[in-house]
Amino acid sequence: MRDNIWVLVEAWRGEISEITYQLLALGRELADGLGSPLEAVLLGRRTVHRLATLGAADRVLYVDDPRVEQPVAAARAHALAALIRERQPRALLVPLTNVSWDEVGLLPACLEAPMVNSCRDVRIAGGDLQAECLLYGGKMVATVAVPEPSILGVLPGIRPAKPGRADQSPEIESLPLPIPEGLERNNCSTEAVEAPRSQGLRPSRTGVRRRERNTASVDASAAEWDSYSATGPKPAVRFQGYLEPEAGDVDLTQQDVLVAIGRGVGMEDDVELAEELAEALGGAVCGSRPVIDQGWLPLARQVGKSGVIVRPRAYLAFGISGAPEHVEGMMDSELIIAVNTDPEAPIFGVAHYGIVEDAAEMLEALTEAARVPA
Ligand SMILES: Cc1cc2nc3c(=O)[nH]c(=O)nc-3n(C[C@H](O)[C@H](O)[C@H](O)COP(=O)(O)OP(=O)(O)OC[C@H]3O[C@@H](n4cnc5c(N)ncnc54)[C@H](O)[C@@H]3O)c2cc1C
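Described below are features of the structure shown in this document.

Calculation rules
Residues numbered from 1 in each chain as written. Predicted model: local features only at pLDDT ≥ 70, side-chain atom pairs only at ≥ 80, totals over all residues. Buried ≥ 20, exposed ≤ 12 C-beta atoms within 10 Å, placed from the backbone. Helix = DSSP H or I, 4+ residues; strand = E, 2+ residues; numbered from the N terminus. Pairing = 2+ DSSP bridges. Near = placed C-beta within 6 Å. Nonpolar A, V, L, I, M, F, W, Y, C, P; charged D, E, K, R; others polar. Contact = placed C-beta atoms within 7 Å. Axes fitted to C-alpha atoms, helices over the stretch in contact; angles between N-to-C directions. Parallel < 35°, antiparallel > 145°, perpendicular 65-115°, else oblique. Left-handed = near helix turned anticlockwise from the far one by under 90°.

### Points about the pairing of strand β10 (residues 150–154)
Step number 1: Most of β10 is tucked away: five of the five residues are buried.
Step number 2: Sheet topology note: the strand β6 (residues 91–95)/β10 ladder contains five bridges and is parallel. Within the sheet, the bridge partner assigned to V94 lies in β10 and is G153.
Step number 3: Pairing of strand β7 (residues 115–125) with β10, which is carried by three bridges, proceeds in the parallel orientation. Counterpart to V116 in the pairing with β10 is L152.

### Section: the site of the ligand
Step number 1: Of all residues adjacent to the ligand, which total 27 residues, the nearest are G262, G264, S288, G304 and S321.
Step number 2: Among the elements of the structure, α6 (289–293) and α7 (324–330) are those that each provide at least two residues to the shell around the ligand.
Step number 3: Element by element, the count of residues in the shell around the ligand is highest for α7, at three residues.
Step number 4: Partitioned by chemical class, the residues of the shell around the ligand number seven nonpolar, 14 polar and six charged.

### A short note on the environment of Y315
Step number 1: Mapping Y315 onto the fold places it in strand β14 (residues 314–318).
Step number 2: Residues in contact with Y315, not counting those within four places in the same chain, are L258, A260, M330, S333 and I336.

### With respect to the sheet that holds strand β16 (residues 353–355)
Step number 1: Overall, parallel pairing links the five strands, which are arranged β13-β12-β14-β15-β16 in an open sheet. Looking at which strands have only one partner, the edges of the open sheet turn out to be β13 (284–287) and β16. The mean angle between the axes of side-by-side strands here comes to 20°, regardless of whether they run parallel or antiparallel.
Step number 2: Packed onto the sheet, helix α5 (residues 269–281) meets β12 (257–261), β13 and β14 and runs at close to 170° relative to β12.

### Description of the pairing of strand β8 (residues 128–135)
Step number 1: Examined bridge by bridge, β7 and β8 share six bridges and lie antiparallel to one another. By the bridge assignment, V122 is partnered in β8 with A131.
Step number 2: Once β7 ends, the chain turns through two residues before running back antiparallel as β8, passing G126 with a positive phi of about 60°.
Step number 3: Two strands pair when backbone bridges link them, and β8 and strand β9 (residues 140–145) are joined in this way by six bridges, in the antiparallel orientation.

### Section: the environment of L129
Step number 1: Among the structural elements, L129 can be located in strand β8.
Step number 2: Placed 95 residues apart in sequence, L129 and L34 show a C-alpha to C-alpha distance of 9.1 Å.
Step number 3: With near-sequence residues (within four places) excluded, L129 lies in contact with L30, A91, V122, I124, V146 and E148.

### Observations concerning the packing of helix α2 (residues 73–87) against helix α3 (residues 101–111)
For any two helices packed against each other, one specifies the crossing angle of their axes together with the interaxial distance.
Step number 1: Where α2 contacts α3, the two axes come as close as 9 Å, and the packing angle between them is 45°. As far as their axial angle goes, α3 and α2 are oblique. Of the two elements, α2 crosses α3, and the hand of that crossing is right-handed. Each of A73, A74, R76, A77, H78, L80, A81 and I84 in α2 lies in contact with α3, whose residues at this interface are D102, E103, L106, L107, C110 and L111.
Step number 2: In terms of residue class, the contact of α2 with α3 is built from 10 nonpolar, one polar and three charged.

In structure tokens:
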């Protein structure tokens, strides 16, 4: 095993995702602390014009191949597993997003390697890696001694992206698509074979074994790989196309100020009040799940466990109770101000400032105050 720290670069339609830079910031911190090299791993195609932004890493391992361009987990996880076996990093940081989620799940199974999931922080303790992981939808936090080598599933917002986005060009190592020999016998196959212990990340002692009973497998045979070049049979999962999100919507993770509304706002008309305040503060409106379920805001505006994880400079929560699934998505905001009629509402446990008031009244009052010229 080498002591390299790896970050899996997430690219979406040819553009490198923001979370990549967050992970690079974390990776740089860990690599520096351990005295190890930091390497960014990019599987994809035509992303070469963005490689210069990955300069926080010492080196970029770049597999420029159409077969791993799209977010098809089987294709990407097998390629990544082969690369890990060959290079044997100490730890791989993988983004936990809708884009990478499937391959994050498949990769440890391919390698029979341990995975530490839902990391909201990773640090060095006594020369070893230690992770803080959210359990039970954020109700519990577990501090985990990270086995080495290991795969770490990292939650968005773990570090600010800025330090991870460096201008200097990293060293780039171009690699062919890694297809291990005898791929049909690897550990993602339904065939019961022993994992080759000498190949990279060690087989897990934590009980992650082959899915011998699950015949609806993600088995990647050599023929399946060939099929990615359109000459063989159809693979189990194929990329068909992208569905475009509603036009004109905002990226919540890029906002400095978020005005969040929950069920406590009571009426759809109050969404307009929230929009007025957001406009006055130069921010955007988002919401808790009930608001999205009622169709008052589009899905892209949902903050929380099954929505977006945000870390704005200011998060203003109106009529939101503070359920763990919501808090998971906003608790790392720099400043949290909560308005709720219930003084016992859990949101006050994470808020820096709390106001026991009616949401609509406060929305109006704050908008008025924000519009007064300084
Ligand atoms: C698997 C799973 C995933 C989930 N994912 C998410 C997620 O991503 N995001 C998310 O938000 N939720 C998520 N949820 C739902 C979550 O558990 C809560 O149900 C939800 O967050 C509650 O939303 P809320 O705070 O707006 O509503 P409520 O819990 O109903 O709270 C409303 C609050 O408004 C206050 N209030 C009432 N009237 C007023 C008033 N006039 N002025 C001011 N305050 C008032 C009340 O005191 C109360 O605290 C998820 C749940 C599950 C099981």
